[in-house]
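Observations on chain architecture
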Amino acid sequence: MRNKIFLYLFIFALLFILFQFMNAKKAKESYDAKIENLKTNITKKEATIDSLYTTNMDLTYFSLESNEDAANYFQELGYQPDRLALTISDQIIGQNKAGKDNPIIPFVGMEGNMSVNKVRLLNHKWIIADFTDGVYWGELFITYEVREDGVVDFEVEKSFLYPKD
């Protein structure tokens, strides 16, 4: 009788250990599959990040922030390039007034007032800007110079107005 109890306990323990082993094996396989999936996702995300970094570098190639020579030009004059860029952008956009066209835009608003929307400093001498009156829009190519007294002179070199569709 005692031998049968030990035999049953032994068989029960053996089945329990076998069940635990199979369960652990399935769990490990599941975790390994999840890890491989996450590694694949990480690889894809890293490739996307690299692509976005390259795209960002291409898009900011013509900008004051990424142009070391232009930044050095302003630093030699005693200005901080990033602050100066904001000041110049604010000066151009600040000329937008309610009820009036922006004086830097050489077109009269036909459906409203012409206002500058976006300004990008390309380097220490050139700016491009986007403008609209709500219906018509165009772009400006502006040269600028920062005088020693800190005043910024703007001159519109080229401009165009897109035709309305």
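Residues numbered from 1 in each chain as written. Predicted model: local features only at pLDDT ≥ 70, side-chain atom pairs only at ≥ 80, totals over all residues. Heavy atoms only, no water.

1. Re helix α2 (residues 68-76)
- Residues of α2 that are buried include every one of A70, A71 and F74, and no others. Projection of α2 onto a plane perpendicular to its axis shows the buried side chains occupying an angular sector of 100°, all on one side. Among the exposed residues of α2, those oriented more than 90 degrees off its buried face are E68, D69 and E76.
- Lining the buried residues of α2 we find α3 (81-93) and β3 (137-146).
- Two residues or fewer past α2, G78 is found with a positive phi of approximately 95°. (Buried < 20%, exposed > 50% of the residue type's maximum accessible area, 1.4 Å probe, protein only. Helix = DSSP H or I, 4+ residues; strand = E, 2+ residues; numbered from the N terminus. Arc of directions from axis to C-beta. Contact = heavy atoms within 4.5 Å.)

2. Looking at the pairing of strand β1 (residues 115-121)
- Bridge count for β1 against strand β2 (residues 126-132) is 6 bridges, and the pairing is antiparallel. Its bridge partner being in β2, K118 is matched across the sheet by D130.
- Joining the antiparallel neighbours β1 and β2 is a turn of 4 residues. (Pairing = 2+ DSSP bridges.)

3. Describing the sheet that holds β1
- In spatial order, the strands read β1-β2-β3-β4; together these 4 strands make up an open sheet with antiparallel pairing. With partners counted over all chains shown, the strands left at the sheet margins are β1 and β4 (152-161), one partner each. With strand direction ignored, the average angle separating the axes of adjacent strands in the sheet is 25°.
- Contacts from α3 reach β1, β2, β3 and β4 within the one sheet, and its direction differs from that of β1 by about 160°. (Axes fitted to C-alpha atoms, helices over the stretch in contact; angles between N-to-C directions.)

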